Amino acid sequence: MSNCSLAIQILPQQTDQATVLNTVDKVIDYLRVNAKSIEVSAFETTIEGEFDELMAILKGAIEVAGSHHHKIFTNVKISYDAEGQVLGIDEKVSKHRQ
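Keep in mind that what you see is a predicted model, and the values were worked out from it rather than measured.

Caption draft 1: Inspection of the sheet that holds strand β4 (residues 72-80) at higher detail. Spatial strand order, β2-β3-β1-β4: four strands in an open sheet with antiparallel pairing. The sheet terminates laterally at β2 (37-40) and β4, the two strands that pair on one side only. Strand-to-strand twist of the sheet, defined as the mean angle between neighbouring strand axes without regard to direction, takes the value 20°. Running at roughly 155° to strand β1 (residues 4-12), helix α1 (residues 17-34) makes contact with β1, β2 and β3 (45-49) of the sheet. Across the face of the sheet, helix α2 (residues 51-66) comes into contact with β1, β3 and β4 while running at roughly 10° to β1.

Have a look at this one:
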């Protein structure tokens, strides 16, 4: 268990769909290398770990996207418990997987 769960959605401000998807793929590749636990879904990617570690990964993900586009919009959701542990990805969604 971790004390933080973070959902991130990177939206390059481009109209060319192939370019947007390529950038999103590069961000997901970065997250796969740097996050201990990751769940990719259609609208966002969720990672979990320790708060400070995830904040550094978030910064890096935005920088990866920014290295391909100068305008990036990012939505972030953070679940944090300074005194304990947050529910993990698997605990939240395993019963809904088929």
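Caption draft 2: Up close: the packing of aromatic side chains. Applying the stated criterion across every chain, the model contains one aromatic pair. When the ring of F51 is compared with that of Y80, the centres are 4.6 Å apart and the planes differ by 45°; the resulting orientation is tilted. With F51 in helix α2 and Y80 in strand β4, the pair connects residues that are 29 residues apart, well separated along the chain. For F51, a relative accessible area of 27% puts it in the partly exposed group.

Reading guide: rules and limits
- Residues numbered from 1 in each chain as written.
- Predicted model: local features only at pLDDT ≥ 70, side-chain atom pairs only at ≥ 80, totals over all residues.
- Heavy atoms only, no water.
- Pairing = 2+ DSSP bridges.
- Helix = DSSP H or I, 4+ residues; strand = E, 2+ residues; numbered from the N terminus.
- Axes fitted to C-alpha atoms, helices over the stretch in contact; angles between N-to-C directions.
- Contact = heavy atoms within 4.5 Å.
- Phe/Tyr/Trp six-rings, centres within 6.5 Å; stacked < 30°, edge-to-face > 60°.
- Buried < 20%, exposed > 50% of the residue type's maximum accessible area, 1.4 Å probe, protein only.

Such coordinate-based values are descriptive only and should not be taken to indicate function.
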